[in-house]
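# Observations on the model geometry
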Amino acid sequence: MNAIFKLSAGALLVASSTLVMSQDMVVKIGHVGPTSGGIAHLGKDNENGARMAIDELNAKGVVIGGKKVKFELLAEDDAGDPKQGTAAAQKLVDSKVAGVVGHLNSGTSIPASKVYSDAGIPQISPSATNPKFTRQGYKTTFRVVADDVHLGGTLGKYAVEQLKGKTIAVIDDRTAYGQGVADEFEKGVKAKGGKIAKREFTNDKATDFTAILTSIKATKPDVVFYGGMDAVAGPMIRQMKQLGINAKFMGGDGICSGELPKLSAGAMGDGQVVCAEAGGVEGSQKVSMEKFKVDFKKKFNADVQIYAPYVYDATNVLVAAMVKAGSVDPVKYLPMLAKTNGYQGVTGTIAFDEKGDIKNGALTLYTYKGGNREQIAVVR
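Heads up: these notes are all about the structure in this document. (Residues numbered from 1 in each chain as written. Predicted model: local features only at pLDDT ≥ 70, side-chain atom pairs only at ≥ 80, totals over all residues. Heavy atoms only, no water.)

### Here's the deal with the overall build of the protein chain
The helix and strand inventory of the protein chain stands at 12 helices and 15 strands. On C-alpha atoms alone, the protein chain measures out to a radius of gyration of 23 Å, which is about the 21 Å that the 2.2 N^0.38 rule sets for 380 residues. The buried share among the 380 residues of the protein chain stands at 53%. Looking at the protein chain alone, contacts between residues at least 24 apart form 69% of all its contacts between residues at least 6 apart. Counting only carbon and sulfur atoms, one obtains 53% of the accessible surface of the protein chain, whose full area is about 16,500 Å². (Helix = DSSP H or I, 4+ residues; strand = E, 2+ residues; numbered from the N terminus. Rg over C-alpha atoms; globule rule 2.2 N^0.38 Å. Buried < 20%, exposed > 50% of the residue type's maximum accessible area, 1.4 Å probe, protein only. Contact = heavy atoms within 4.5 Å. Areas by Shrake-Rupley, 256 points an atom, 1.4 Å probe, with all protein chains shown as cover.)

### Describing the state of the cysteines
Overall, the coordinates contain 1 disulfide when judged by the stated rule. For C256, the disulfide goes to C275, at an S-S distance of 2.1 Å. Disulfide C256 to C275: torsion about the S-S bond roughly 65°, handedness right-handed. In this pair, C256 sits in the loop between β10 (248–251) and α9 (260–263) while C275 sits in strand β11 (residues 273–278), placing the two residues 19 residues apart along the sequence. By the burial criterion, C256 is buried, and C275 matches it. (Disulfide = S-S within 2.5 Å.)

### What about the packing of helix α2 (residues 40–60) against helix α10 (residues 285–300)?
The contact between α2 and α10 brings their axes to 11 Å, and the two run at 95°. By the angle class used here, α2 and α10 are roughly perpendicular. Of the residues in α10, those touching α2 at D45, N48, G49, R51, M52 and D55 are F292, D295, F296, K299 and F300. The residue makeup of the contact of α2 with α10, split by class, is 4 nonpolar, 2 polar and 5 charged. (Axes fitted to C-alpha atoms, helices over the stretch in contact; angles between N-to-C directions. Parallel < 35°, antiparallel > 145°, perpendicular 65-115°, else oblique. Nonpolar A, V, L, I, M, F, W, Y, C, P; charged D, E, K, R; others polar.)

Put into structure tokens, the structure is as follows:
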């Protein structure tokens, strides 16, 4: 009886040892975006970009420091709210994530960046464009898109030089992103000798713009710029039409989505809207981007909105730094992440400068015709 027990116990020990050896090392990566609220479609787009990257990495069987790794995505919703954003960040820190991709908005990314910095956890935003995000002195903060200085400034110059704007009005939603990009747009206009006839503001949850649009209408604008997101821009375009304001409508990446025509309820005229997306590919890089969009549609039965490819690349850049460092410990792989240079992603070549900004960031100008977004040009 004792011999049988000893044999069984020995067999159990061998079996359990084999089981432990075969288990993958689990590495948690966080993602945060607004998956509830008015721009939930953009937040879900971002989250799906992260899921696509994680699923592909797990299918490949990534080995880090001699150990096979299984990545786990911890996705949090910040609803585009700064307080909820910092709460989500702390939750990820407490969950001991190895790195974070997010947040979507500048208004959530900026306060959350302190939480990650204090914990020593790398954060890559795929879409926060306010310059302040990478100018706080944090070593853990990165982004894979150009900032508002480039984006807003380029749009401001375009309004004067290409659209021949004489009377230009500006509206912003008072968020870190909306006000920031509107300020840079205004600087771009003035740099080219243009003038701002009217500056108004609303908020990111408003639905009625009658008062501010009526005030703007009195100036007879030929260009109206809105700093904010598509959920507000769509109704604003509709109310402009109702009030008889026949001006070009401009905005940054926040309005430059596939949902904008639907949100404007058919009020958008062909070529009326000109917007810019931080990022963009040209030449041979278009092949990789188009393949990504096809694969994304097949996986999620949804078209890419704006930044899913940038989330996808940001996730892969995090993991590439871990592989290079041979460690998932943020202390050990953070220096490798900071030295990222020449990474070939679907959004182009990724390299970071000393602040954590992408080097030589691209910007893509778009308009809409027949309810579809059409590219005007890629500029750097």
